[in-house]
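Coordinates in review
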Amino acid sequence: MQTVNEKKKILLIDDSEFHLSIANNMLKTEYTVITTKSGKGGLEHLLKGLVPDIILLDIIMPDMDGWETYHKIRGISILQDVPIIFLTSSNETKDIEYAHKIGAADYIMKPYEKNNLLKRVESIIEKNSKKKNESK
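Residues numbered from 1 in each chain as written. Predicted model: local features only at pLDDT ≥ 70, side-chain atom pairs only at ≥ 80, totals over all residues. Heavy atoms only, no water.

1. Describing the packing of aromatic side chains
The final tally for this structure, using the stated rule, is four aromatic pairs. Between Trp67 and Phe86 the ring centres are 4.8 Å apart and the planes differ by 55°, which places this aromatic pair in the tilted class. Residue Trp67 is found in helix H3 (residues 66-74), and its partner Phe86 is found in strand S4 (residues 84-88); the two are separated by 19 residues along the sequence. Across this residue pair, the class does not change: Trp67 and Phe86 are buried. Between Phe86 and Tyr107 the ring centres are 6.5 Å apart and the planes differ by 45°, which places this aromatic pair in the tilted class. (Phe/Tyr/Trp six-rings, centres within 6.5 Å; stacked < 30°, edge-to-face > 60°. Helix = DSSP H or I, 4+ residues; strand = E, 2+ residues; numbered from the N terminus. Buried < 20%, exposed > 50% of the residue type's maximum accessible area, 1.4 Å probe, protein only.)

2. With respect to helix H2 (residues 39-47)
Inspection of H2 places Gly39, Gly41, Gly42, Leu43 and Leu46 among the buried residues, and these make up the whole buried set. Contacts from the buried residues of H2 go to strand S1 (8-13), strand S2 (31-36), strand S3 (54-57) and H3. (Contact = heavy atoms within 4.5 Å.)

3. Details of the environment of Gly49
Counting through the fold element by element, Gly49 comes out in the loop between H2 and S3. Using a relative accessible area of 52% as the deciding quantity, one classes Gly49 as exposed. Put simply, Gly49 and Leu79 are 30 residues apart on the chain and 10 Å apart in space, counted from C-alpha to C-alpha.

4. Notes on the pattern of salt bridges
Pairing is possible between side chains that carry opposite charge, provided their charged atoms lie close to one another. With the rule as written, the count across this model stands at six salt bridges. Taking the shortest distance from any N to any O, the salt bridge between Glu68 and Lys72 comes out at 3.9 Å. Taken together, the residues span about one helical turn, with Glu68 and Lys72 both in helix H3 at a distance of four residues. Judged by relative accessible area, Glu68 falls into the partly exposed class, the value being 36%. The partner of Asp106 in a salt bridge is Arg120, with the nearest N and O atoms 2.9 Å apart. (Salt bridge = Lys/Arg side-chain N within 4 Å of Asp/Glu carboxyl O.)

5. With respect to the side chain of Thr69
Locating Thr69 in the fold gives a position in helix H3. Classification of Thr69 as buried rests on a relative accessible area of 0%. In this view, Thr69 contacts Ile13, Gly39, Leu57, Met61 and Met64; residues no more than four positions away in its chain are not counted.

6. Points about the nonpolar core
Core analysis: the largest hydrophobic core is formed by 22 residues, its most contacted members being Leu11, Leu46, Ile55, Leu57, Ile73 and Phe86. Contributions of two or more residues to this core are made by S1, H2, S3, H3 and S4. Apart from residues lying up to four places away in sequence, Ile55 is in contact with Leu11, Ile13, Leu46, Ile73, Val82, Pro83, Ile84 and Ile85. Residues Leu12, Val33, Ile85 and Ile108 belong to the second largest nonpolar core, which totals 19 residues. (Core = buried A, V, L, I, M, F, W, Y, C linked by side-chain atoms within 4.5 Å.)

Distances and angles like these do not, on their own, reveal function.
The following block contains the structure:
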C-alpha cells in the first residue's frame with residue numbers, strides 16, 4: 001500500500017459528472033485523481049505542467065472527442081510516454097481496433113467493476129514505471 005505522499009496521479013477526462021464521480025470514488029483510495037469534464041480541460045491541466053502517471057479518457061465527448069484529445073496529448077513531448085486508457089461506453093469494434101492501433105495502453109468499456117479497473121490501472125502504471133527505469 002502506498003503512503004499519501006507516494007500516490008500516483010491519474011488524470012480522468014469524461015464529460016459525464018456521473019461517470020467522473022464513479023471512477024473517482026473507485027480510484028481515490030489508491031491514487032490522486034484529477035478530474036475534468038472535457039478534452040480541453042484536460043489539456044489545460046497538462047499544459048500547466050501536470051504530468052500524471054496515467055490518463056483515463058472518454059471517447060464520446062462534445063466539442064473535442066477522446067480521439068482528438070488523445071492526439072493533442074501525444075503532441076506534447078513530455079507526455080508521450082504517459083499511458084492513456086480509453087474508458088468509454090463505445091463498444092464499437094472499429095473504436096477498439098483504432099485505440100490499439102494508435103497506441104492506447106488499454107480500452108475499458110463502461111460499466112466496469114472496481115477491482116478490474118484498479119488491477120488494470122495498477123498493471124499499466126507498473127509496466128510503464130519499469131520501462132522508464134530500464135531506459136535510464
